[in-house]
Amino acid sequence: MTDEQLIQAARDAARHAHAPYSRFAVGAALLMEGGDIVTGANVENASYGLSLCAETVAIATASASGRLREIVAVAVIGGAMDAEGRPTGAQPVSPCGRCRQVINEAAQLGGRDLPVLCGAAEGEAIARYRLSELLPAAFGPGDLGIS
């Protein structure tokens, strides 16, 4: 699986975003052990605090199938929605702080410093990070004696 293929899976997921309030669609794709992909899109709610980020949706989906520890890479894209609901923009989007913490939970449980690919909604721009770069000195399950 190439970085570009994983970013494309995140772009495909973003088409299913429910973002009527912010009009900012986000898609996430998780590369799992064995090569399959789990995706998620953001889901907004009229009670804004109840909205879900794409990364959180994807990780919850992986967890619901008992695969939280099997994540080997994360890709995220996002952009302002056009009139047809497609995300737009040429700048890579990175996970918010809350999502970085949620990704960290899976990363620590899986014993990995996950690669996080941040892609643009359109074009070829991809920023590549390790989770430890995005969330240095992270607090997680290891700090509570859970591994």
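Keep in mind that what you see is a predicted model, and the values were worked out from it rather than measured.

Each value, and the rule that gives it
- Residues numbered from 1 in each chain as written.
- Predicted model: local features only at pLDDT ≥ 70, side-chain atom pairs only at ≥ 80, totals over all residues.
- Heavy atoms only, no water.
- Core = buried A, V, L, I, M, F, W, Y, C linked by side-chain atoms within 4.5 Å.
- Buried < 20%, exposed > 50% of the residue type's maximum accessible area, 1.4 Å probe, protein only.
- Helix = DSSP H or I, 4+ residues; strand = E, 2+ residues; numbered from the N terminus.
- Contact = heavy atoms within 4.5 Å.

J.: Would you explain the nonpolar core in this entry?
T.: If you look at soluble globular proteins, the nonpolar side chains tend to sit buried side by side. Counting 24 residues, the largest nonpolar core has Leu30 and Ile71 as the members making the most contacts within it. Of all the elements in the fold, those that place two or more residues in this core are strand S1 (24–32), helix H2 (54–64), strand S3 (71–80), helix H3 (97–110), strand S4 (115–120) and helix H4 (131–134). Residues in contact with Leu30, not counting those within four places in the same chain, are Leu6, Asp36, Ile37, Val38, Ala58, Ile59, Ala62, Ile71, Ala73 and Val74. In terms of nonpolar packing, the next biggest core, distinct from the first, is built from 13 residues, Leu6, Ile7, Ala73 and Leu117 among them.

J.: Help me out: how do you make sense of the environment of Val74 in this one?
T.: Along the chain, Val74 turns up in strand S3. A relative accessible area of 1% means that Val74 is categorised as buried. Along the sequence, Val74 and Leu117 sit 43 residues apart, while their C-alpha atoms lie 6.1 Å from each other.

J.: Explain the side chain of Thr56 here, please?
T.: By the secondary structure assignment, Thr56 is in helix H2. The class of Thr56 is buried, set by a relative accessible area of 13%. Once residues lying within four places of it in the same chain are set aside, the contact partners of Thr56 are Arg98, Cys99 and Val102.

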